[in-house]
Amino acid sequence: MTGQQEAPRQRGASSPILSLIWRLIALAFIDAVALLLAYAFFGGGLGLAAIILLAITAAINVIFLVDRLYPLRWISPGLLLLVLMVVYPFVYTVYVATTNFSSTNVLAKEQVVERLEQQFYTPEGSESLSWRAYRSPDGDFLILLADPSGRQLVGDPAQGVIPLDEYQATFGPIDPADNLPTSIDDHVKLSRGESVRYLTALSQLVITDAEAQLRIVSLDRAELGRQRFVYDPATDSMTDQQTGTVYRAEGGFFVAADGTRAPAPGFVQVIGLDNFFRVVTDRRISGAFFGVFTWTFTFALLSVLTTFALGLALALVFNDQRLPLKGLFRTLAIIPYTVPGFISALVWVGLLNPNFGPINGFLRDFVGVNPQWFSDGTLAKIAILLVNTWLGYPYMLIVALGALQSIPGDLYEAAEIDGASPWQRFSTITLPLLLVALAPLLIGSFAFNFNNFTLIDLVTEGGPPTPGAVTPAGQTDILISYSFRLAFSGGRGQDYAFAAAISIFIFAIVAAITIFNFRLSRRLENLTG
Amino acid sequence: MSGPTAPAEVKPAAAARQGRTLGVRSRRRISLSFKVLIAVLTAVYALIPVFFVITASLNPLQTISGASLIPTRVTFDHYARLFNSPFHPWPQWILNSVIVSSLTAIIVVALCALAAYSFSRFRFRGRRLGLMALVLVQLFPNMLAFVALFLLLQAIGNALPSFSVAIPGVGTFEPARLGLNSLGGLILIYAGGALGFNTWLMKAYFDTVPYDLDESALVDGASHTQAFRYVVLPLVRPVLAVIAILSFISTYSDFILARVMLSSTENFTLAVGMTLFIRGQFTQQWGTFAAAAVIGALPIVITFLLLQRQLIGGLARGGVKG
């Protein structure tokens with residue numbers, strides 16, 4: 001490519017003014033949507049996402065209004081999606097891995113504080129109140145309360161508990177029988193009989209405001225509860241007003257001196273690198289993790305070896321120009337590659353079924369064995385590799401065929417004249433040249449299998465389970481399926497943070513492999529081109 | 001190119017070679033028959049599972065235990081059952097898969113083409129940095145960030161439940177449908193994940209279109225938009241098609257992200273839905289599963305075989321398909 005354009009301008013644009021108007025209209029629309037979204041994000045406790053969104057929106061406005069940034073206009077839509085769905089998730093994974101985010105610690109600390117501060121208790125010896133209910137035509141209630149000293153209060157579900165003289169409403173005429181108004185706004189006073197009728201609904205009514213909580217206990221009695229927990233930001237602690245116990249914020253929970261937790265879920269807290277150290281220091285985890293880690297590498301390596309060995313052997317056969325129906329055979333041989341992986345994996349689960357599957361049927365009849373593919377750890381690993389060989393050899397066949405055809409024929413002629421045996425020709429010409437040409441693809445295949453979640457999860461679901469493991473690690477689990485189970489399998493809870501830490505391990509390994517591969521292929525390019 | 005050195009152990013004795021000439025010829029014939037045998041065995045190895053599934057889908061038997069390679073009687077009952085099964089909304093799964101994969105392919109091709117045009121045709125500050133970033137992004141396949149993507153979609157879904165914008169005559173637009181368990185959210189994840197590599201691939205192809213072509217259009221008074229639309233785009237159609245098909249297939253074949261993000265049966269893509277067959281009495285509904293497998297795989301297999309050359313070219317560069 002030779003063209004160079006130093007200062008791109010909208011040369012020859014039909015009408016710059018019109019273009020500007022269109023851009024302004026589009027930007028106004030985008031800005032409006034972004035502002036709405038950001039507002040919703042802030043409301044949902046996603047401050048970071050909101051700020052990022054607003055920053056991106058601002059950048060879009062600049063890009064589409066400043067002429068000098070014209071080339072970026074073409075890139076910005078893709079860039080936006082890339083930041084949202086690749087960059088942000090990566091950064092967020094790193095963040096989650098340094099927290100204690102799990103099914104027991106989901107909420108932000110402010111939310112947990114708020115939940116605790118919404119709990120109420122009835123102080124001992126607190127005076128009971130008498131009450132009368134008023135009902136609106138819609139079925140809403142207002143409660144009029146009187147304490148023994150005669151002070152009157154209004155319980156309004158919308159506003160809380162308010163002294164009667166501060167309550168803004170239109171009161172009906174005073175009923176001489178009980179000295180109470182017959183109505184408040186459109187709410188009409190209930191007779192004692194009507195109160196009995198609505199008692200179930202009334203006793204379920206909870207009227208709450210910042211300090212107090214009103215409950216109807218019986219036909220004659222209502223109780224006014226007091227806020228139970230008070231948070232003190234200065235000491236980062238929660239005091240139980242009822243018992244005087246002080247709960248300190250520790251490790252994602254409010255914990256008292258004797259170790260009991262305040263009655264609320266835990267909160268998300270940054271705990272540093274503990275999740276990474278857990279892998280090494282926590283013996284119950286490190287055993288299972290080491291097993292998964294070893295099997296991931298073993299599985300990926302053996303997968304590359306088996307598929308490459310079979311693919312290469314077949315490529316040597318298919319490379320023979322004298323082979324009849326070469327195209328047909330080639331097409332048939334690559335069919336396993338063309339079937340979507342999830343379908344093949346499921347089909348193999350059926351074929352390998354120990355009781356009814358045709359493979360075991362054959363083995364029972366002709367070999368006299370009946371391997372339990374999915375309940376024995378070693379057999380499950382063998383089954384995985386068998387299935388993966390079928391799935392993967394065509395890729396190796398395709399790429400090896402391509403590479404074979406690019407080996408100059410005169411090399412073989414020279415070798416033949418010199419009397420090299422076929423094996424010598426293969427081991428000294430074909431294999432080294434193929435390995436050089438295919439090394440990046442073999443490494444790519446290694447990285448692919450390293451994360452071959454589809455195969456593992458569909459064929460064995462990681463099973464059979466590792467005996468005595470505290471984390472849900474099966475014997476055929478690889479790192480990514482282990483991480484998936486930590487995050488999403490039920491039973492033992494969702495440990496997002498630990499799963500994210502495992503993802504970081506995978507990130508690091510895959511990135512190292514890919515960087516190595518980039519360097520290798522560049523070196524090979526220099527070597528060959 | 002530094003080729004390997006000639007084999008160290010060679011037998012220069014011409015006499016020995018001549019004495020073996022006849023042997024070599026017959027040995028070659030034997031080796032050819034051996035190769036034909038291998039080719040046939042390979043075809044059998046490759047096709048046995050395929051045949052097994054096809055015949056099971058046509059066999060009136062539903063269980064796997066009685067299944068044989070040659071069906072006693074051919075019936076399409078299993079296929080009919082797929083379309084009106086009380087257990088599985090299978091047609092919905094296929095539809096979801098096609099919607100997700102097509103929209104992903106369209107978004108990927110559109111956004112990559114725009115970005116590739118800019119990277120290929122303009123020289124601007126940050127261009128090299130941007131290209132390097134595109135390479136860097138490939139180090140982090142977003143599939144590995146599935147936990148973060150799950151939490152992101154969950155947060156988006158939680159933040160937006162009350163939004164629904166009614167556009168008269170068009171319908172109700174719900175941004176909340178970008179949250180967990182929504183096809184919209186899944187599409188954005190797939191598209192975002194495919195952008196890095198495909199922009200790179202497309203930029204390389206754009207570079208092969210001579211700049212003189214669009215420059216002459218620009219000199220004639222066309223805008224960049226017009227040069228892109230009427231000059232460059234028609235010339236890069238092959239790469240657009242290959243990238244569209246490859247993103248369609250890889251999206252269609254993805255399992256992990258769909259499994260993580262989708263939770264209700266009617267929103268499943270085929271890959272997630274098909275796993276329901278292996279729960280419970282898998283071996284008891286083998287025939288129906290086989291029919292589902294055949295329909296689910298056939299379009300992809302045919303596409304691949306028809307476009308072998310073009311697609312495999314792209315794959316050799318792109319690594320391994322799922």
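Since the structure is predicted, the reported quantities are computational estimates derived from the model, not experimental observations.

1. Section: the overall build of chain B
- Within chain B, the regular secondary structure consists of 14 helices and two strands.
- Excluding contacts between residues fewer than 6 apart, the proportion of contacts in chain B whose partners are at least 24 apart in sequence is 72%.

2. A closer look at the overall build of chain A
- Within chain A, the secondary structure is distributed over 18 helices and 18 strands.
- Here chain A has a C-alpha radius of gyration of 36 Å; the compact-globule value for 529 residues is 24 Å, and the former is much larger.
- Structurally, chain A occupies a C-alpha span of about 125 × 80 × 45 Å along its principal axes.
- Residues counted as buried form 37% of the 529 residues belonging to chain A.
- Nonlocal contacts in chain A, meaning residues at least 24 apart in sequence, comprise 58% of its contacts between residues at least 6 apart.

3. Topic: the environment of Ile94 of chain B
- Mapping Ile94 of chain B onto the fold places it in helix 4 (residues 90-121).
- Sequence separation between Ile94 of chain B and Ala271 of chain B is 177 residues; the distance between their C-alpha atoms is 9.2 Å.

4. Some thoughts on the environment of Phe290 of chain A
- By the secondary structure assignment, Phe290 of chain A is in helix 8 (residues 283-318).
- Sequence separation of Phe290 of chain A and Val279 of chain A is 11 residues, and the distance between their C-alpha atoms is 8.6 Å.

5. Structural notes on the pairing of strand 16 (residues 246-250) of chain A
Residue and element names in this part refer to chain A.
- Both strand 15 (residues 237-240) and strand 16 contribute to a ladder of three bridges, which runs antiparallel. Residue pairing for strand 16: Ser237 is matched across the bridge by Arg248.
- Hairpin connection of strand 15 to strand 16: five residues between the antiparallel strands, including Gly244 at a positive phi of 85°.
- Remark: two residues form the turn of the hairpin made by strand 16 and strand 17 (residues 253-256), two consecutive strands paired antiparallel; Gly251 in that turn has positive phi of roughly 55°.

6. As for the domain arrangement of chain A
- The domain architecture assigned to chain A consists of domain 1 (16-97), domain 2 (107-116 + 229-272), domain 3 (120-227) and domain 4 (280-528).
- Computed over C-alpha atoms only, the centres of domain 2 of chain A and domain 4 of chain A are separated by 49 Å.

7. Focus: the environment of Gln154 of chain B
Residue and element names in this part refer to chain B.
- Along the chain, Gln154 turns up in helix 6 (residues 146-159).
- Of the residues examined, Gln154 has 15 C-beta atoms within 10 Å and is grouped as partly exposed.
- Gln154 sits 117 residues away from Leu37 along the chain, and the two C-alpha atoms are 56 Å apart.
- Residue contacts for Gln154: discarding those within four places in its chain leaves Gly179 and Leu180.

8. Observations concerning the interface of chain B and chain A
- Each side of the interface is counted separately: chain B has 98 residues, and chain A has 100 residues.
- Here the side of chain B that touches chain A gets 13 residues from one element, more than from any other, and that element is helix 2 (residues 21-58) of chain B.
- Taken together, the residues of the side of chain B that touches chain A break down into 66 nonpolar, 24 polar and eight charged.

9. Topic: the pairing of strand 3 (residues 130-135) of chain A
Residues and elements named next belong to chain A.
- Where strand 3 and strand 4 (residues 141-146) come together, six bridges link them in antiparallel fashion. Paired with Arg135 across the strands is Phe141, a residue of strand 4.
- The hairpin formed by strand 3 and strand 4 contains five residues between the paired strands, and Gly139 there has a positive phi angle of roughly 95°.
- Where strand 3 and strand 10 (residues 187-189) come together, two bridges link them in antiparallel fashion. Opposite Tyr134, over in strand 10, you have Lys189 as the bridge partner.

10. Comments concerning helix 12 (residues 358-367) of chain A
- Among the residues of helix 12 of chain A, those classed as buried are Pro358, Ile359 and Asn360 of chain A.
- Gly368 of chain A occupies a position one or two residues after helix 12 of chain A and carries a positive phi of about 85°.

11. A closer look at the sheet that holds strand 17 of chain A
All names here are of chain A.
- The strand order across the open sheet formed by four strands is 14-15-16-17, and the pairing between neighbours is antiparallel. Because the sheet does not close on itself, it has two edges, and the strands there are strand 14 (229-232) and strand 17. Along the sheet, successive strands turn relative to each other by an average axial angle of 30°, direction set aside.

12. Section: the confidence of the model for chain B
Residue and element names in this part refer to chain B.
- Averaged over all residues, the pLDDT of chain B equals 82, while 80% of them reach at least 70.
- Scored below 50 in pLDDT, residues 1-19 makes 23 contacts in the model with residues more than four places away or belonging to other chains.
- We note a pTM of 0.83 for the whole complex and an ipTM of 0.85 for its interfaces.

13. Brief notes about the sheet that holds strand 2 (residues 120-121) of chain A
- Read across the open sheet, the four strands follow the order 2-13-12-11 (chain A); overall the sheet is antiparallel. If you trace the sheet from one side to the other, it starts and ends with strand 2 and strand 11 (206-208) of chain A, each paired once.

14. Here we look at the confidence of the model for chain A
- Across chain A, the average pLDDT comes to 85, with 94% of residues at 70 or higher.
- Counting contacts from residues 1-13 of chain A, a segment whose pLDDT is below 50, to residues more than four positions away or on other chains yields 28 contacts.

15. Quick notes on the packing of helix 4 of chain B against helix 7 (residues 183-206) of chain B
All names here are of chain B.
- In the contact formed by helix 4 and helix 7, the axes pass within 7 Å of each other and the chain directions differ by 40°. Handedness of the helix 4/helix 7 crossing: right-handed.
- In the contact of helix 4 with helix 7, the residues fall into 21 nonpolar, five polar and one charged.

16. Quick look at unusual backbone geometry
- Even without a glycine there, the phi angle at Asp236 of chain A is positive, about 55°.
- Here Asp236 of chain A lies in the loop between strand 14 and strand 15.
- The phi torsion at Asn181 of chain B lies on the positive side, around 60°, for a residue other than glycine.
- Along the polypeptide, Asn181 of chain B turns up in the loop between strand 2 (171-173) and helix 7.

17. Brief notes about the packing of helix 11 (residues 341-351) of chain A against helix 12 (residues 270-278) of chain B
- Running from N to C, helix 11 of chain A and helix 12 of chain B point in directions that differ by 5°, and their axes come no closer than 10 Å. Here helix 12 of chain B runs roughly parallel to helix 11 of chain A, going by the angle between their axes. Facing helix 11 of chain A, whose interface residues are Phe342, Ile343, Leu346 and Val349 of chain A, helix 12 of chain B presents Ala271, Met274, Phe277 and Ile278 of chain B.
- Classifying every residue of the contact of helix 11 of chain A with helix 12 of chain B gives eight nonpolar, no polar and no charged.

18. Here we look at helix 9 (residues 224-235) of chain B
All names here are of chain B.
- Compared with the 16 Å implied by 1.5 Å per residue over 12 residues, the 15 Å span of helix 9 between its first and last C-alpha is a close match.
- Every buried residue of helix 9 is listed here: His224, Ala227, Phe228 and Val232. Along helix 9, the residues classed as buried sweep out an arc of 95° about the axis, all on the same side. Among the exposed residues of helix 9, those oriented more than 90 degrees off its buried face are Arg229, Tyr230 and Pro234.

The rules behind these values
- Residues numbered from 1 in each chain as written.
- Chains lettered and ligands numbered in written order.
- Predicted model: local features only at pLDDT ≥ 70, side-chain atom pairs only at ≥ 80, totals over all residues.
- Helix = DSSP H or I, 4+ residues; strand = E, 2+ residues; numbered from the N terminus.
- Contact = placed C-beta atoms within 7 Å.
- Rg over C-alpha atoms; globule rule 2.2 N^0.38 Å.
- Buried ≥ 20, exposed ≤ 12 C-beta atoms within 10 Å, placed from the backbone.
- Pairing = 2+ DSSP bridges.
- Domains from an automatic or database assignment.
- Nonpolar A, V, L, I, M, F, W, Y, C, P; charged D, E, K, R; others polar.
- Axes fitted to C-alpha atoms, helices over the stretch in contact; angles between N-to-C directions.
- pLDDT = per-residue confidence, 0-100.
- Left-handed = near helix turned anticlockwise from the far one by under 90°.
- Parallel < 35°, antiparallel > 145°, perpendicular 65-115°, else oblique.
- Expected span 1.5 Å × (residues − 1).
- Arc of directions from axis to C-beta.

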